[in-house]
Amino acid sequence: MKPRILVVGSSNTDLVVKVPRLPSPGETVLGGEFASLAGGKGANQAVAAARAGGEVTFVARIGDDAFGQLSLEGLQKEGIHLGHVVMDSHHPSGVALILVAADGQNSIAVAPGANAHLSPADVHRAAPAFRTAQMLLVQLEIPLAAVQSALELAAHHRLPVLLNPAPAQHIPNEWFPHITYLTPNAREASALSGIEVTDPDSAARAAARLRQKGVPHVIITLAEQGLVVDAPRLHKHLPAFRVKPVDTTAAGDVFCGALAVACTEGRPLLEALRFAQAAAAISVTRFGAQRSAPTRAEILRFLEDRARESQRPQPGTTS
Ligand code: RIB
């Protein structure tokens, strides 16, 4: 049986330009390739979870326009259940303008369109999906009122919740005890904890503070510095897998989608985190958001390869 993951979140079309470096304010930089690609934090996480082995249901509001139809078709091809996606004929589908620099870093501006109109009523109409799901995966690229409804329904059905608090914003203190796994990046962890997160030590302090607010598993992702986890019997810094970055867009989304699947499968947290880190590492070696998410077979092969490499004798050592 595949783990059943319910994703409540956004869907965007990413309009992407590759640039040699990100421009400063007021500066024009001549770019290279332009691409129009499927994105949006919610949809990216849904695709990542489906490819990692999940049975995924997506709850969203998508503009009933050309971009929106393409997004929907892409999600359909992934086998994601879309019965609770509202096609909105009054608002355009979400669009993200993305610059990707040669070192893989990006900057993103989002016009949320229909995503900003996902309502508590939309979420409540998806109540049957909360009854059958095994985990709720949710982000902050939709109205907080919709997130709150999703948290309430999850609590009602005793569903574990993975909240990816992206993009960074303040969330009510009452939410924390309803979150099972919280996965901020450094910027988001700084905003939520009030501690500036720059490295594993400051991340460990921020994670401890967030746990005090009532979240049992806090995982702060630190890009090439790996991650810090603070959970019952697990306080650890896990280094990142070393890869050559092409595009870091959606690496956090791929991480969350894969983590939701691995945790729901009942893997121990440490193993689930390595699975999710492997998925994210593969994704940064590929261009684009949803298209960069690896399949389960690719994730497992990557982990096997890395395990084999780590057992190989290093130059200058004897076996
Ligand atoms: O997390 C990456 C995503 O953020 C992009 O796909 C873009 O659509 C924005 O939502």
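The structure we're discussing is the one just above.
Here the residue index of a chain counts from 1 through its sequence in written order. The model is predicted, so local features are restricted to residues of pLDDT at least 70 and side-chain atom pairs to those at 80 or more, both for listing and for counting; the totals for chains, interfaces and linings are taken over all residues. In computing side-chain values, all of the structure's heavy atoms are included and hydrogens and water are not.

1. Here we look at the site of the ligand
- Proximity criterion: a residue is near a molecule or strand once any of its heavy atoms comes within 4 Å of it. Around the ligand lies a shell formed by Asn12, Asp14, Gly39, Gly40, Lys41, Asn44, Ala96, Ile108, Glu141, Ala250, Asp253 and Ala289.
- One of the side-chain N or O atoms of Asp253 is found 2.7 Å from an oxygen atom in the ligand.
- In these tables, accessible area is a Shrake-Rupley quantity obtained with a 1.4 Å probe, and a residue counts as shielded only by the protein chains included in the view. For the ligand, the protein covers 96% of the area, taking 280 Å² as the surface of the free molecule.
- Under the scheme used here, helices are H or I runs from DSSP no shorter than 4 residues and strands are E runs no shorter than 2 residues, and both carry numbers assigned from the N terminus. When residues of the shell around the ligand are traced back to their parent elements, those giving at least two are strand S2 (12-19) and helix H1 (41-51). By the criterion applied in these results, polar contacts are pairs of N or O atoms within 3.5 Å in which, for protein atoms, one can donate a hydrogen and the other can accept it, and in which residues neighboring in sequence qualify only through two side-chain atoms.

2. Here's the deal with the packing of H1 against helix H8 (residues 251-264)
- Running from N to C, H1 and H8 point in directions that differ by 45°, and their axes come no closer than 7 Å. On the basis of their axis angle, the class for H1 and H8 is oblique. Crossing hand, H1 versus H8: right-handed. Within the contact between the two elements, H1 uses Lys41, Asn44, Gln45, Ala48 and Ala49 and H8 uses Asp253, Val254, Cys256, Gly257 and Val261.
- For this classification, Asp, Glu, Lys and Arg are treated as charged, while Ala, Val, Leu, Ile, Met, Phe, Trp, Tyr, Cys and Pro are nonpolar and the rest, including Gly, are polar. Here the residues of the contact of H1 with H8 sort into five nonpolar, three polar and two charged. Axes here mean lines fitted to C-alpha atoms, for a helix over just the part in contact, with angles spanning 0 to 180 degrees between N-to-C directions. Our angle categories are set so that under 35 degrees counts as roughly parallel, over 145 as roughly antiparallel, 65 to 115 as roughly perpendicular, and the remainder as oblique. In this scheme the handedness of a crossing depends on how the near helix is turned from the far one: anticlockwise by less than a right angle means left-handed, clockwise means right-handed. Two residues form a contact once any of their heavy atoms are found within 4.5 Å.

3. Some details on the nonpolar core
- The biggest cluster of nonpolar side chains holds 51 residues, and the ones touching the most others in it are Phe58, Ile80, Phe255, Leu259 and Leu273.
- Take this core: its biggest share by element is 10 residues, from helix H9 (residues 269-284).
- Here, nonpolar core means buried Ala, Val, Leu, Ile, Met, Phe, Trp, Tyr and Cys residues that are tied together by side-chain atoms lying within 4.5 Å of each other. A simple rule labels every residue: compare its accessible area, found with a 1.4 Å probe on the protein chains alone, to the largest value its type can have, and call it buried under 20%, exposed over 50%, or partly exposed in between. Counting 41 residues, the second largest nonpolar core, distinct from the first, contains Val59, Leu118, Leu151 and Ala207.

4. Here's the deal with the layout of surface pockets
- Taken as a whole, the second largest pocket encloses approximately 270 Å³ of empty space.
- Lining the second largest pocket are 14 residues; nearest its centre among them are Leu37, Ala38, Leu70, Gly74 and Gln290.
- Looking at the lining of the second largest pocket, the elements that each hand over two or more residues are strand S3 (34-39) and helix H2 (66-77).
- Looking at the lining of the second largest pocket element by element, the count peaks at five residues for H2.
- Across the lining of the second largest pocket, the residue classes tally to five nonpolar, five polar and four charged. Each cavity reported here is a set of points on a 1 Å grid over the protein atoms alone in which a 1.4 Å probe fits but cannot get out, each pocket an open set with protein on both sides within 12 Å along at least five of seven lines, and each lining residue one with an atom within 4 Å of a point. Grid points are joined across faces, edges and corners, and a volume is the space filled by probe spheres set on the points.

5. Looking at the packing of H9 against helix H10 (residues 296-311)
- The geometry of H9 relative to H10 is characterised by a closest axis approach of 9 Å and an angle of 105° between their N-to-C directions. When the interaxial angle is binned, H9 and H10 end up roughly perpendicular. Contacts between H9 and H10 involve Arg274, Phe275, Ala278, Ala279, Ala281 and Ile282 from the first element and Arg296, Glu298, Ile299, Leu300, Phe302 and Leu303 from the second.

6. Remarks on the state of the cysteines
- Any two cysteine sulfur atoms within 2.5 Å of one another count as a disulfide. Throughout the structure, instances matching the rule amount to zero disulfides.
- Here Cys256 stays free of any disulfide, with the sulfur of Cys263 as its closest cysteine sulfur at 10 Å.
- According to the relative accessible area criterion, Cys256 is buried, its value standing at 1%.

7. Side note on the sheet that holds S3
- By the convention used here, strands pair only if DSSP detects at least 2 bridges between them. If you walk across this open sheet you meet the four strands as S3-S2-S6-S7, and the pairing is mixed. A single partner strand is all that each edge strand has here, and the edge strands are S3 and strand S7 (106-111). Neighbouring strand axes in the sheet, compared pairwise and without regard to direction, differ in orientation by 25° on average.
- Two strands pair when backbone bridges link them, and strand S6 (residues 94-101) and S7 are joined in this way by six bridges, in the antiparallel orientation. Paired with Leu99 across the strands is Ser107, a residue of S7.
- Packing of H2 onto the sheet brings it into contact with S2, S3 and S6, and relative to S2 it is tilted by some 95°.

8. With respect to helix H5 (residues 144-156)
- A helix is expected to reach a length of 1.5 Å times the quantity of its residues less one. Its 13 residues give H5 an end-to-end C-alpha distance of 18 Å, which sits within 8% of 18 Å, the value for a rise of 1.5 Å per residue.
- Among the residues of H5, those classed as buried are Ala146, Val147, Ser149, Ala150, Leu151, Leu153 and Ala154.
- In this structure, the buried residues of H5 make contact with strand S1 (4-8), helix H3 (120-125), helix H4 (127-132), strand S8 (135-139) and strand S9 (161-164).
- Of the residues one or two after H5, Arg158 is the one with positive phi, at around 50°.

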